[in-house]
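Structural description and commentary
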Amino acid sequence: MATTLTSAEEAGRCLATPAAYTDEARLHEALALLRRESPVRRVEADGYRPFWAVTRHADVLEIERDNALWLSAPRPVLRRAEVDAVLEAQRARGDGLKTLVHTDDPEHRALRAIGADWFSPKAMRELRARVRELARRYVDLLAEHGGRCDFVREVAAHYPLRVILSLLGLPESDFPLMLRLTQDLFGQDDASRRRGEGAAVHTSVLADLLGYFRELTAARRARPTGDLASAIANARVDGRPLSDADAASYYVIIATAGHDTTTSTIAGGLEALVRHPGELRRLREDPGLLAPAAEEMIRWVSPVKAFMRTAAADTAVRGTPIRAGESVLLSYPSANRDEEVFDGPFRFDVGRTPNRHLAFGAGVHYCLGAGLARMEIQALFAELVPRLAEVGLDGEPAWLATTFVGGLKRLPIRYALR
C-alpha cells in the first residue's frame, strides 16, 4: 500500500477498500487528494454498489443536518453488495438489525427518546465516580504487566466495554462473550478478526447478538431491574412495546457503538501521545488540557470512518448533481483533516481550540453517547498521564481493516509507572 496515488478515481476506491484503513499515511494521502481535486466523487468499486464520496467538512455537515433530504435508510453503512442485499431483506421481514443508525424521523426520534435520559448530563454526573473508579482500576492493572503490554488488548478493549455493559446491567460473566461478538461484528473485513467469508458469516454474527439480546429482553420484561436494559425492554412507542427484534437492535447499538468507538479513540490517543512526546509533556504539566486533549484524540482517530446517506429527491452537492435514490459516503477522517476548517490539520495538538470535528456526527443523528465517551476518555487519561514516568512503542502498531468502525487492533508499548 506504499505506492503513490495517481488519480482521484484511485483515491476514491480507497474508501471501499478495508485494507486502506490499515495504512494511515496512504489513507490520508487519498483523502487529501479527493478534497483537493474531487471533493464529491462518484466511486465504482468491485463488490460494492456505486456511491458518491463526500470529503469536505462543510458538505458532510450540511448533509448531516438535512435529514429530510438525506436519509439513513436503506443504506446507512458501506457494505459489500451481497451483504447489503441480505441485511435489507432481513429488515424488510422485520427480523433484522434496525438501530438508530438505520432509521429516519419520525421513527428515529421516538427510538432515540428511549435512551436519551440515560445519557443526559445528569446521568453522566451520577456515573462519573464509577467511571473514574474503573479508569483507576485499569491503570493499576498496567503495573501487573511488567512494563510491557499490548495496550489495546489489556486496557483499551476492556475499560469502555465494562462501562457500557455495567450501564446496561449485564453480568460480568457475559463480558467476554460480548467482547468477542462486538469484535466479530466490526471485524468482518479484517482477516485476523473475521469468523469467515461471505454474507452468511456476517448474518451469523448478527444472529448471535440478536439471539443474546432477545433472551435479555424476555428476562427484563419478566423482572425489571432498573437498568438501561430494563428501560429498553419495557419501552413503548406510540403505546406499543418494541418488537423483540427492535429491542434487541437497540441493545446492539448501545453495546457495540458505545464500546468499539471509545476503544479505538483511547488506543489511538495514547499512540498519538507516544509519537508526540511534546504533547504528552504539555498534558502532564497542565491537567486543564484534558478536555481539549480528549477532543483532539477523537478528531485524530475518527473511529467511525463513514456513514452513508441516500438522497430522497434530486439534488446537488457542491454543484455535483445527485439523483434521488443515489447514496453518498460521508468520510469523517477526511472532514476532520479538512484544511479549510482546521489550522494544521495533520498536527496533533492537545490544546486545539476550537475543535469543530465531526466524529460524533451532527444533526438528529448526533451520537447519543458522546458525553459518556468524552467522560471515559478524560477519566482514563487523567489517571494514566500523571503515572507514566516513560512510555514508548514496543513494536509496530496494527490497524483494523474496515470501512465502518475501527482503529488500532494492536498497540505494543513499554512503560514505567510512578
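Residues numbered from 1 in each chain as written. Predicted model: local features only at pLDDT ≥ 70, side-chain atom pairs only at ≥ 80, totals over all residues. Heavy atoms only, no water.

The name recorded for the protein in an unreviewed UniProt entry is Cytochrome P450, from Nonomuraea bangladeshensis.

1. Digging into the overall build of the protein
Stated formally: Every helix listed is a DSSP run of H or I at least four residues long, and every strand listed is a run of E at least two residues long, numbered separately from the N terminus. What the globule rule says is 2.2 Å times the number of residues to the power 0.38, and the radius of gyration is computed from C-alpha atoms. Only protein chains enter the area calculation, which uses a 1.4 Å probe; residues under 20% of their type maximum are buried, those over 50% are exposed, and those in between are partly exposed. Contacts: residue pairs with any heavy atoms within 4.5 Å of one another. Charge counting treats Lys and Arg as positive and Asp and Glu as negative, with His and both chain ends excluded. In this description, the location of a charge corresponds to atom NZ of lysine, CZ of arginine, CG of aspartate or CD of glutamate.
Along the protein, the regular secondary structure elements total 16 helices and 14 strands. Relative to the compact-globule value of 22 Å for 418 residues, the protein shows a C-alpha radius of gyration of 21 Å, a close match. Seen through its principal axes, the protein has C-alpha atoms that stretch 60 × 60 × 40 Å. Within the protein, the proportion of its 418 residues that are buried is 57%. In the protein, the proportion of contacts linking residues at least 24 apart, taken out of those at least 6 apart, comes to 71%. Side chains of the protein give 56 positive and 57 negative charges; the mean places of these two sets differ by 2 Å.

2. A few points about the packing of helix α9 (residues 175–186) against helix α12 (residues 244–275)
The condition that has to hold: Between N-to-C directions, angles span 0 to 180 degrees; the directions come from axes that are lines fitted to C-alpha atoms, helices contributing only their stretch in contact. An angle counts as roughly parallel when it lies under 35 degrees, as roughly antiparallel when it exceeds 145, as roughly perpendicular when it falls between 65 and 115, and as oblique in every other case. Each residue is assigned to one class: nonpolar for Ala, Val, Leu, Ile, Met, Phe, Trp, Tyr, Cys and Pro, charged for Asp, Glu, Lys and Arg, and polar for all the others, Gly among them.
It is the contact of α9 with α12, at a shortest axis distance of 10 Å, that shows an interaxial angle of 80°. By the angle between their directions, the pair α9 and α12 is classed as roughly perpendicular. Note on element contacts: α12 touches α9 through V252, A255, T256, H259 and D260, opposite M178, L179, T182, L185 and F186. Looking at the contact of α9 with α12 residue by residue, the classes come out as six nonpolar, three polar and one charged.

3. Here's the deal with the pairing of strand β7 (residues 306–311)
Note the threshold: For two strands to be treated as a pair, DSSP must find no fewer than two bridges joining them.
The buried fraction of β7 is high, at six of six residues. Burial along β7 is two-sided: the face carrying A306, M308 and T310 and the face carrying F307, R309 and A311 are both buried. Pairing geometry for strand β3 (residues 70–71) and β7, over two bridges, is antiparallel. Its bridge partner lying in β7, L71 is registered against T310. Alignment of β7 against strand β10 (residues 327–331), held across five bridges, turns out to be antiparallel. Pairing of M308 across the sheet is with L329, part of β10.

4. Focus: the layout of surface pockets
This is how it is decided: Site definitions follow a grid-based scheme: protein atoms alone, a 1 Å grid, a 1.4 Å probe that fits but cannot get out for cavities, and for pockets an open set with protein on both sides within 12 Å along at least five of seven lines, plus lining residues having an atom within 4 Å of a point. Grid points are joined across faces, edges and corners, and a volume is the space filled by probe spheres set on the points.
Estimated volume of the second largest pocket: approximately 200 Å³. Together, K98, P106, E107, A110, L111, V237, D238, R240, P241, L242, S243 and D246 line the second largest pocket. Counted by class, the lining of the second largest pocket contains six nonpolar, one polar and five charged residues.

5. With respect to the nonpolar core
What counts is decided by this rule: We call a set of buried Ala, Val, Leu, Ile, Met, Phe, Trp, Tyr and Cys residues a nonpolar core when their side-chain atoms join them within 4.5 Å.
Among the nonpolar cores identified, the biggest contains 118 residues, and F151, Y159, L168, F213, L372, L380 and F381 are the most heavily contacted of them. Of the residues forming this core, the biggest block, 14 residues, is contributed by α12. Once residues within four sequence positions are removed from consideration, Y159 is found in contact with V131, L134, A135, Y138, I266, E376, A379 and L380. Formed by 22 residues, the second largest nonpolar core is a distinct cluster that contains L15, A16, V43 and L78.

6. Topic: the sheet that holds strand β4 (residues 148–150)
Picture the strands of a sheet paired through backbone hydrogen bonds; they go either parallel or antiparallel. Spatially, β4-β14-β11 is the arrangement adopted by the three strands of the open sheet, whose pairing is antiparallel. The open sheet has two edge strands, β4 and β11 (388–393), and neither has a second partner. The sheet shows a mean angle of 30° between the axes of neighbouring strands, taken without regard to direction. Direction of pairing for β4 relative to strand β14 (residues 412–417): antiparallel, over a ladder of three bridges. Within the sheet, the bridge partner assigned to D150 lies in β14 and is P412.

7. Examining the packing of aromatic side chains
The cut-off we apply is this: Aromatic rings from Phe, Tyr and Trp, taking only the six-membered ring of Trp, are treated as a pair when their centres fall within 6.5 Å; an angle between ring planes under 30 degrees marks them as stacked, one over 60 as edge-to-face, and anything in between as tilted. For a lysine, the NZ atom is tested; for an arginine, the CZ atom; a charge sits over a ring if that atom is within 6 Å of the ring centre and within 35 degrees of the ring normal.
Taken as a whole and judged by the stated rule, the model has seven aromatic pairs. Their ring planes at 65° and their centres at 5.5 Å tell us that F307 and F404 sit as a pair that is edge-to-face. Remark: F404 occurs in the loop between β12 (398–399) and β13 (408–410) and F307 occurs in strand β7; sequence separation between them is 97 residues. As far as burial versus exposure is concerned, F307 and F404 are alike and both buried. The interplanar angle of 65° and the centroid separation of 6.0 Å between the aromatic rings of F360 and Y366 together place this pair among those described as edge-to-face. Ring-pair connections join several aromatic residues into one group, and the members of that group are Y212, F213 and Y251. The ring centre of W300 lies 4.3 Å from the NZ or CZ of R337, which sits over that ring.

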